[in-house]
Amino acid sequence: QVQLVESGGGLVQAGGSLRLSCAASGRTFSSYIMGWFRQAPGKEREFVAGIRWFGGSTRYADSVKGRFTISRDNAKKTVYLQMNSLKPEDTAVYYCAATVSPAVLTSVNEYGYWGQGTQVTVSS
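The text that follows walks through the structure, step by step, so that each part is easy to find.

The rules behind each value
- Residues numbered from 1 in each chain as written.
- Predicted model: local features only at pLDDT ≥ 70, side-chain atom pairs only at ≥ 80, totals over all residues.
- Heavy atoms only, no water.
- Helix = DSSP H or I, 4+ residues; strand = E, 2+ residues; numbered from the N terminus.
- Rg over C-alpha atoms; globule rule 2.2 N^0.38 Å.
- Buried < 20%, exposed > 50% of the residue type's maximum accessible area, 1.4 Å probe, protein only.
- Contact = heavy atoms within 4.5 Å.
- Areas by Shrake-Rupley, 256 points an atom, 1.4 Å probe, with all protein chains shown as cover.
- Pairing = 2+ DSSP bridges.
- Axes fitted to C-alpha atoms, helices over the stretch in contact; angles between N-to-C directions.
- Salt bridge = Lys/Arg side-chain N within 4 Å of Asp/Glu carboxyl O.

Bringing the overall build of the protein into the picture now. On a plain count of helices and strands, the protein comes out with 0 helices and 11 strands. Order of helices (α) and strands (β) in the protein, N terminus to C terminus: β-β-β-β-β-β-β-β-β-β-β. For 124 residues, the compact-globule estimate of 2.2 N^0.38 gives 14 Å, and the protein sits close to it at 13 Å. In the protein, which comprises 124 residues, the proportion classed as buried is 43%. The contacts in the protein between residues at least 6 apart in sequence include a share of 59% that link residues at least 24 apart. Accessible surface for the protein amounts to roughly 6,200 Å². Of this, 48% is attributable to carbon and sulfur atoms.

What follows concerns the sheet that holds strand β7 (residues 68-73). For sheets, the rule is that strands pair by backbone hydrogen bonds, running either parallel or antiparallel. If you walk across this open sheet you meet the 4 strands as β1-β3-β8-β7, and the pairing is antiparallel. For this open sheet the edge positions go to β1 (2-7) and β7, each flanked by a neighbour on one side alone. Along the sheet, successive strands turn relative to each other by an average axial angle of 20°, direction set aside. Relative to strand β8 (residues 78-83), strand β3 (residues 18-26) runs antiparallel, the two sharing 6 bridges. The residue bridging C22 from the neighbouring strand is V79, located in β8.

Taken as a whole and judged by the stated rule, the model has 4 salt bridges. With its nearest N and O atoms 2.7 Å apart, the salt bridge here joins R38 to E46. By relative accessible area, which is 35% here, E46 ends up partly exposed. Between D90 and R38 there is a salt bridge, with the nearest N and O atoms lying 2.9 Å from each other. Residue D90 is located in the loop between β8 and β9 (92-100), and its partner R38 is located in strand β4 (residues 32-39); the two are separated by 52 residues in the primary sequence. R38 shares its class with D90; the two are buried. Where salt bridges share partners, they join R38, E46, R67 and D90 into one cluster.

Time to look at the side chain of S21. With respect to the helices and strands, S21 occurs in strand β3. Residue S21 is classed as buried on the basis of its relative accessible area, which comes to 16%. Those residues within four positions of S21 in sequence are excluded, and the remaining contacts are V5, E6, S7, W36, T78, V79 and Y80.

Shape descriptors only; they carry no functional weight alone.
Laid out in structure tokens, this is it:
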């Protein structure tokens, strides 16, 4: 089993920054992919960014490329999402997720472990 706990959400003005954290516990993570997803009111949950624990390769949604950065701290078993130049359309509940895969996956259905989510609100 894998447990994921997100933190770091909040209210920020457009153009501002936030850093989300996802603390993982449970099984070893060397073969895991960690992903960040988000879900805005009335919309489907969508992929934001993902990273491999082993090797650190990353993948981003087009909508956040150049503004968001995903990273991990192996010793702390924590994944981060640094969000810069935030826009009102980034407002959503952000979820951390994990799956076992050789490459970063972008489909919600391919992730078996999820955190409880953290709210990010960007005001205009």
